[in-house]
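Analysis of the macromolecular model
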Amino acid sequence: MLTLAADIEVLARFGRALADPIRCRILLVLREAPAHPADLADSLGISRTRLLNHLACLRDCGLVVAVPVGRRTRYELADERLGHALDDLRTAVMAVEADKTCVDADEKGCC
């Protein structure tokens, strides 16, 4: 069983990965299928250098893995459960946004 400190570290790593919109986009693309960096860069409309920096961060966070395929490298989610977690997190956040039960939500910018 994980300790509270380990649980917090795992969630913090996930949060760091999701803190950048480009990394979120990368994770969502890789949720659909593994991809090579050149294809990812083209589909996201960013430079390969910038993409590789983000992939390094995602690797360091333990969310993606690099898989050698001949002379090329393909990236994929480190575990298929991450794709499910991304879907669950996205739908939960959307549900909370749609359910503004706090009467002061718009005024206070909360909930």
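Keep in mind that what you see is a predicted model, and the values were worked out from it rather than measured.

**A short note on the state of the cysteines**
Counted by the stated rule, this structure contains zero disulfides. With no disulfide of its own, Cys57 has Cys61 as its nearest cysteine by sulfur position, at a separation of 4.2 Å. Taking the relative accessible area as the measure of exposure, Cys57 reaches 22% and is therefore partly exposed. Among the residues examined, Cys61 registers a relative accessible area of 7% and is labelled buried.

**As for the pattern of salt bridges**
According to the stated counting rule, one finds six salt bridges in the structure shown. Residue Glu9 pairs with Arg16 through a salt bridge whose shortest N-O separation is 3.4 Å. Its salt-bridge partner being Arg74, residue Glu76 comes within 3.0 Å of it at the nearest N-O pair.

Conventions and cut-offs
- Residues numbered from 1 in each chain as written.
- Predicted model: local features only at pLDDT ≥ 70, side-chain atom pairs only at ≥ 80, totals over all residues.
- Heavy atoms only, no water.
- Disulfide = S-S within 2.5 Å.
- Buried < 20%, exposed > 50% of the residue type's maximum accessible area, 1.4 Å probe, protein only.
- Salt bridge = Lys/Arg side-chain N within 4 Å of Asp/Glu carboxyl O.

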